[in-house]
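# Fold and contact review
One letter stands for each residue in the lines below.
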Amino acid sequence: MNALDAVNSLGHADSLGRLEDLPADYVKAINDLSVAPLWPQLRGLLPRGKPARATQPFMWRYQDIRPHLLRAGELTPIEKAERRVLVLCNPGHGLDKLVATPTIYVGLQLILPGEVAPNHRHTPTAVRFVIEGSGGYTTVNSEKCPMEKGDLILTPALNWHEHGHGGSGPVVWLDALDLPMIYGMEASYAIEGPSQTLNDALDASQNTYRRAGLLPYASLGQAQRAEYPQIRYPWKEVREALGAIATVTPKDEAVQLAYVNPETGKPCLPTLGFSAQQLRAGQDFSPRKRSASSVIHVIEGQGESVIDGVTLQWGEGDTLAIPTHAEVTHRARAKDAYLFHVDDAPMQRALGFYEDF
């Protein structure tokens, strides 16, 4: 055995000292001081080569959940719920953790005609992605944003927001938040406030940044760009842009667009990333493995995804969880499918350990 082999062999988990190898009086003495030895738990904290993952490849079928969400509207008035949400809980983490992946919370929220989900702000960052219905709206910092199927609406950390419904029939959207991380930092809380006074201009931010490559002229002289200049990203325009870029994208490459801050070109939120993908029918798409975890929501179409060997058959409205470092293949059936992606890559990039390989 050469020196390198000897060092590597010493790194194996079974060569590290175990807690039971230590004298009981020693363990008690340090535990009484709220101190613990690292080496018996080192490989649990720093496994070799690949993270230990509790997150399971999993799919929540919208048509199975939808009846229970509508019944929640009958059972619990908005005044008793504040936010009427059924949370998508990854079975690898259990129901009590309320997470789809370790860093991403996902819920399905229902609002009924005439209801108002009251104004508040909170430390977690959130987005709303509309699944069905019309007549709903979200007001963010006095900007009223209509909610139509496929629209993405940002509610950044500590920004005031409330929801309402002035139409008919149920409106349902997908909530995605960085809540698990903020809660884990013991920094999660909310503040309630009075209903917002609306700006005169409806949907002002997306009308200001309506066309890629065009900015308000006044922006050119700004030394500092706005943190969140665009709040709503309409699906109608995103879908059209996907169709356009598909015409110039090679068949073996992804047709995928990132939602970004139009002033900076950077991700539109600091912790979570969002993108939309047109998945071409009859073609397998296997993205590079990534250190980021993600959630995929099916906007249109049918198909399947193979995630770490687990095959999940999906259709419109379904939502999938993808663990970190997963091997993934997506395919659409019959016709092109459209997918909305949420991931924690911006947070990982900011912390300096994001990888794709």
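These figures come from a predicted structure and were not determined experimentally.

### Structural notes on the layout of surface pockets
- There is about 760 Å³ of room inside the largest pocket.
- Arg210, Arg211, Ala212, Glu237 and Ala241 are the residues nearest the centre of the largest pocket, which is lined by 21 residues in total.
- If one sorts the elements of the lining of the largest pocket by residue count, helix 8 (residues 235–246) sits on top with five residues.
- Within the lining of the largest pocket, the residues separate by chemical class into 15 nonpolar, two polar and four charged.
- Quantified by volume, the second largest pocket comes out at close to 590 Å³.
- Contributing to the lining of the second largest pocket are 31 residues, with Gln256, Ser275, Arg290, Asp343 and Tyr354 lying nearest its centre.
- Among the elements of the structure, strand 13 (255–258), strand 14 (273–279), strand 15 (294–300), strand 19 (328–332), strand 20 (337–343) and helix 9 (345–351) are those that each provide at least two residues to the lining of the second largest pocket.
- Take the lining of the second largest pocket: its biggest share by element is four residues, from strand 14.
- Split into classes, the residues belonging to the lining of the second largest pocket amount to 17 nonpolar, eight polar and six charged.

### Let's talk about empty space enclosed by the protein
- All told, the structure shown has two cavities of 30 Å³ or more when counted by the stated rule.
- Here the largest cavity is characterised by a volume of approximately 50 Å³.
- As for the largest cavity, its lining consists of Glu253, Ala254, Val255, Gln277, Gln278, Leu279, Arg280, Gln283 and Phe285.
- Sorting elements by how many residues they give to the lining of the largest cavity places strand 14 first, with three residues.
- Along the lines of polarity and charge, the residues of the lining of the largest cavity split into four nonpolar, three polar and two charged.
- Taken as a whole, the second largest cavity spans an internal volume of roughly 30 Å³.

### Structural notes on the pattern of salt bridges
- Applying the stated criterion across every chain, the model contains 18 salt bridges.
- Residue Asp21 pairs with Arg18 through a salt bridge whose shortest N-O separation is 3.0 Å.
- On the accessibility criterion, Asp21 (45% relative accessible area) is partly exposed.
- Accessibility expressed as a relative area gives 47% for Arg18, which makes it partly exposed.
- Ionic pairing is found between Arg232 and Asp151, a salt bridge with its closest N-O pair at 2.9 Å. Residue Arg232 is located in strand 12 (residues 232–233), and its partner Asp151 is located in the loop between strand 7 (143–147) and strand 8 (152–155); the two are separated by 81 residues in the primary sequence. Both residues of the pair, Arg232 and Asp151, count as buried.
- Three or more residues are tied together by salt bridges with common partners; here these are Arg18, Glu20 and Asp21.

### Focus: the environment of Phe340
- For Phe340, the location among the structural elements is in strand 20.
- Put simply, Phe340 and Thr319 are 21 residues apart on the chain and 9.3 Å apart in space, counted from C-alpha to C-alpha.
- Apart from residues lying up to four places away in sequence, Phe340 is in contact with Phe129, Leu152, Tyr259, Phe274, Ser275, Val295, Ile296, His297 and Ile299.

Definitions and cut-offs
Residues numbered from 1 in each chain as written. Predicted model: local features only at pLDDT ≥ 70, side-chain atom pairs only at ≥ 80, totals over all residues. Heavy atoms only, no water. 1 Å grid on protein atoms, 1.4 Å probe; cavity = no way out; pocket = protein on both sides within 12 Å on 5 of 7 lines; lining within 4 Å. Points joined across faces, edges and corners; volume = space filled by probe spheres on them. Helix = DSSP H or I, 4+ residues; strand = E, 2+ residues; numbered from the N terminus. Nonpolar A, V, L, I, M, F, W, Y, C, P; charged D, E, K, R; others polar. Salt bridge = Lys/Arg side-chain N within 4 Å of Asp/Glu carboxyl O. Buried < 20%, exposed > 50% of the residue type's maximum accessible area, 1.4 Å probe, protein only. Contact = heavy atoms within 4.5 Å.

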